[in-house]
Amino acid sequence: VRKLLDETAKPGQYRWLSVRIPDDISKFDKLGINIKSFYEAGVDIFNVSDYYLFYQQCNIDKIKPQAPDAVYYYELTHSPQNWSLQVKGYDSSAYRRGTPEMLQTAATLAYQNAADGISLFNFAYYRAHGPGREFRGPFNEPPFYALRELSRPLQLKCLGMYYFTRIDNPNK
């Protein structure tokens, strides 16, 4: 992929190569992830993800020593928790949407754990979508107004910290 990107880039242009990897280091061997090999093969950016939901803890500080010159982003999504509505069909889950304060706290902690930046995923799901909307709301616009702060680690340190905990199955 690196070779193809280099061969097809316009003169003087550099194309960045990024891979999305799990934050859970224990999964690396099973998935064939070798950070050092990826970096040596031309990966520039590692997008570290907790999958569909976001957490306020990350392991970038444990991953980064394997390729310290690479760039590491921590992925934040629209939600820190979801639970089954126990109905059939696509998107049969309800979920707690992340508040700006939750996102900013997660970003602050990611920077403290060696993240170089923040990436965003699935922010469209703040908005109404799919069947069963009446059971999964309330919906609203993504908190675009709060996102600028996510790229400013020094300013984030000045904001309050808002922690949350996850309940494994809130239906019980």
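To keep things clear, this report deals only with the structure shown in the data block. Predicted model, so just to flag it, every value in this text is computed and none were measured.

Thresholds, definitions, all that
Each chain has its residues counted from 1, following the order in which its sequence is written. A pLDDT threshold of at least 70 governs which residues receive local features in this predicted model, and a stricter bar of 80 or more applies before side-chain atom pairs are shown or counted, although totals over entire chains, interfaces and linings include all residues. Side-chain numbers here rest on the full set of heavy atoms in the structure, without hydrogens or water. For the purposes of this entry, the term helix denotes a DSSP run of H or I that reaches at least four residues, the term strand denotes a run of E that reaches at least two, and both are numbered from the N terminus. By definition, residues are in contact when any of their heavy atoms lie within 4.5 Å. Residues counted as positive are Lys and Arg, residues counted as negative are Asp and Glu, and His and the chain ends are not counted. A single reference atom marks each charge: NZ on Lys, CZ on Arg, CG on Asp, CD on Glu. Under the rule applied, a polar contact is a pair of N or O atoms within 3.5 Å (in protein, one hydrogen donor and one hydrogen acceptor; residues adjacent in sequence only if both atoms are side-chain atoms). Categorising residues by exposure relies on relative accessible area from a 1.4 Å probe, with only protein chains included: less than 20% of the type maximum marks a residue as buried, more than 50% marks it as exposed, and the intermediate range marks it as partly exposed.

Things to note about the overall build of the protein
Here is step 1: For the protein, the count of helices and strands is 8 helices and 6 strands.
Here is step 2: Listed N to C, the secondary structure of the protein is α-β-α-α-β-α-β-β-β-α-β-α-α-α in terms of helices and strands.
Here is step 3: Projected onto its principal axes, the C-alpha coordinates of the protein cover approximately 50 × 40 × 35 Å.
Here is step 4: At a minimum sequence separation of 6, the contacts of the protein that also span at least 24 residues come to 68%.
Here is step 5: In the protein, which carries 21 positive and 18 negative side-chain charges, the distance between the mean positions of the two groups comes to 5 Å.

Comments concerning the side chain of lysine 64
Here is step 1: With respect to the element layout, lysine 64 can be found in the loop between α4 (60-63) and β3 (71-76).
Here is step 2: In this structure the side chain of lysine 64 is engaged in a polar contact, spanning 3.0 Å, whose partner is the side chain of aspartate 116.
Here is step 3: Ignoring anything within four residues of it in the chain, the contact list for lysine 64 reads Ala70, Tyr72, Ala114 and Asp116.

Notes on the side chain of glutamine 56
Here is step 1: As for its position among the elements, glutamine 56 is in the loop between β2 (45-49) and α4.
Here is step 2: Engagement of the side chain of glutamine 56 in a polar contact is seen with the backbone oxygen of methionine 102, the distance being 3.4 Å.
Here is step 3: Here the side chain of glutamine 56 touches tyrosine 162 through a polar contact of 2.9 Å, landing on its backbone oxygen.

Thoughts on the environment of threonine 105
Here is step 1: Topologically, threonine 105 is positioned in helix α5 (residues 100-112).
Here is step 2: Residue classification places threonine 105 among the buried residues on the basis of a relative accessible area of 0%.
Here is step 3: Between the C-alpha atoms of threonine 105 and glutamate 40, which are 65 residues apart in sequence, the distance is 33 Å.
Here is step 4: In this structure, threonine 105 is in contact with Gln56, Gly160, Met161, Tyr162 and Tyr163, ignoring residues within four places of it in sequence.

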